[in-house]
Amino acid sequence: MASEDRNPPADPTRDAEEARWSAWMVRANEGDADAYARLLEEIGGVMEHYLRRRFGASDFIEDCVQECLLAIHRARASYDPARRFRPWMFTIVRHKAIDLLRRRGTRQRYEAVHGAAEEPVAPMADPTAPLRAAEALRGLAPEYREALLLTKFEGHSLDEAARRAGVSVTAMKSRVHRGIQQVRRLLARGED
Amino acid sequence: MRNRSELIRELSAGLGPAPRLRRPHQLALLWWIGTSVFVVIAMLAVQPMRPGFAGQLLASPRFAAETLLGILAGAFAIGVAFAVGIPGWGSPRRRIALSLGLLAVWASAYLYGLVDPALEPSMLGKRALCFGEVWIYGLPSLLAGLLLLRRLAPLERWGAGLVTGAAAGAIPGLLMQLACLYIPAHILTHHLAPALALALLGALLGPVLLRRI
């Protein structure tokens, strides 16, 4: 399990943050909208920092933060004030990041064929984003990094990605799957 | 995607109190007791237990150990199902694997029984529909478990469904060893195979019936 679930070293700043978030969450679960808004603002920033350190400045980050905030909202009744807030939150963040990464290539290809869904797609913030994602994913083995970049960040189909990488479709599928497993471990390595 | 501040405003606007959190082990205990009582009553309504099963439990330590292992494996499985409903309670996959491992150890006791049975194989207590009974008692138990799990937030919905199904099958599957005939091959094919099928059904129903977080 992630390092934050074991006994983390004492850190007064983190302890204060933990106590504040936990108190806000308890109040939010009692219906205090102000406490909830403050909590979401603050943890949204923490999630962004956490994801940016792992995926670089990709346009994936903002989507992921918002998905995580929605997930926190849907799961808020499952927060147990007797337990620490951070493991609860980061478990949801890791799960949503992997989930979004898995769905991402499919969605990009769908939009390429059928056009964007209900909302206009924000213009690509930065054409070098895939390169910076590659830098951020440097912890992965090169073949897995390449597979994820081609399918999840550049939006190629498995066929196209396999052709570009010069491997079979089966091998590409396996590399994407293993790449996601490695990302899961990368995310579990620590929270910030 | 919309602006983050806008999303936060929407999420916090008109925020009501969240439903009170029921502790996972309380929900698991509630389900386990309710399911066990339901299965025993339903089984007795169909046919009495095998004559002399209590004496066999006392006389054969291996039979008693098999039964105890089944109780522990089923109880642990449902405990895991509800524990994985709370994000951050350890590693869900590891717990699920441990639970399935324990159930496999229980089943392997009957596999070993094929060569060296714990009790003298006998037709005593034969029930005509034991295979169907495990299904009939296990299915509502599985659905009840999934409904209770909807109160929590399982991230691994298939895994939560899998262990709920395994626990729902394990209870009637185990009680059949006390109610139906004792022949290890029959136990594996008529009592435990439907329990395994319920586990697989749970893995399929989990993503459908449990809330996506």
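Residues numbered from 1 in each chain as written. Chains lettered and ligands numbered in written order. Predicted model: local features only at pLDDT ≥ 70, side-chain atom pairs only at ≥ 80, totals over all residues. Heavy atoms only, no water.

**Some thoughts on the overall build of chain B**
Scanning chain B for helices and strands turns up eight helices and zero strands. If you list the helices and strands of chain B from N to C, you get α-α-α-α-α-α-α-α. Projected onto its principal axes, the C-alpha coordinates of chain B cover approximately 70 × 35 × 25 Å. Classification of the 213 residues of chain B by burial places 50% in the buried group. In chain B, of all internal contacts separated by at least 6 residues, the share reaching a separation of at least 24 is 87%. By element, 72% of the accessible surface of chain B is carried by carbon and sulfur atoms, the whole surface being about 9,500 Å². Taking the average location of the 18 positive side-chain charges in chain B and that of its 7 negative ones, the two points are 11 Å from each other. (Helix = DSSP H or I, 4+ residues; strand = E, 2+ residues; numbered from the N terminus. Buried < 20%, exposed > 50% of the residue type's maximum accessible area, 1.4 Å probe, protein only. Contact = heavy atoms within 4.5 Å. Areas by Shrake-Rupley, 256 points an atom, 1.4 Å probe, with all protein chains shown as cover. Lys, Arg positive; Asp, Glu negative; His and termini not counted. Charge placed at Lys NZ, Arg CZ, Asp CG, Glu CD.)

**Some words on the overall build of chain A**
A tally of regular secondary structure across chain A gives eight helices and zero strands. Moving toward the C terminus, one meets the helices and strands of chain A in the order α-α-α-α-α-α-α-α. Out of the 192 residues belonging to chain A, those deemed buried represent 48%. Counted over contacts in chain A with a minimum sequence separation of 6, partners at least 24 positions apart contribute 71%.

**Quick notes on the confidence of the model for chain A**
When pLDDT drops low, the exact placement of atoms in the prediction is not to be read closely. Residues and elements named next belong to chain A. Taken over all residues, the pLDDT of chain A has a mean of 78, while the share at 70 or more is 75%. Mean pLDDT across the elements of chain A bottoms out in helix α5 (residues 129-136) (56) and peaks in helix α2 (residues 33-55) (92). Below a pLDDT of 50 lies the segment residues 1-6, which in the model reaches 19 contacts outside its immediate sequence neighbourhood of four places, other chains included. Throughout residues 116-125 the model reports pLDDT below 50, and contacts reaching past four residues in sequence, or to other chains, amount to seven contacts. (pLDDT = per-residue confidence, 0-100.)

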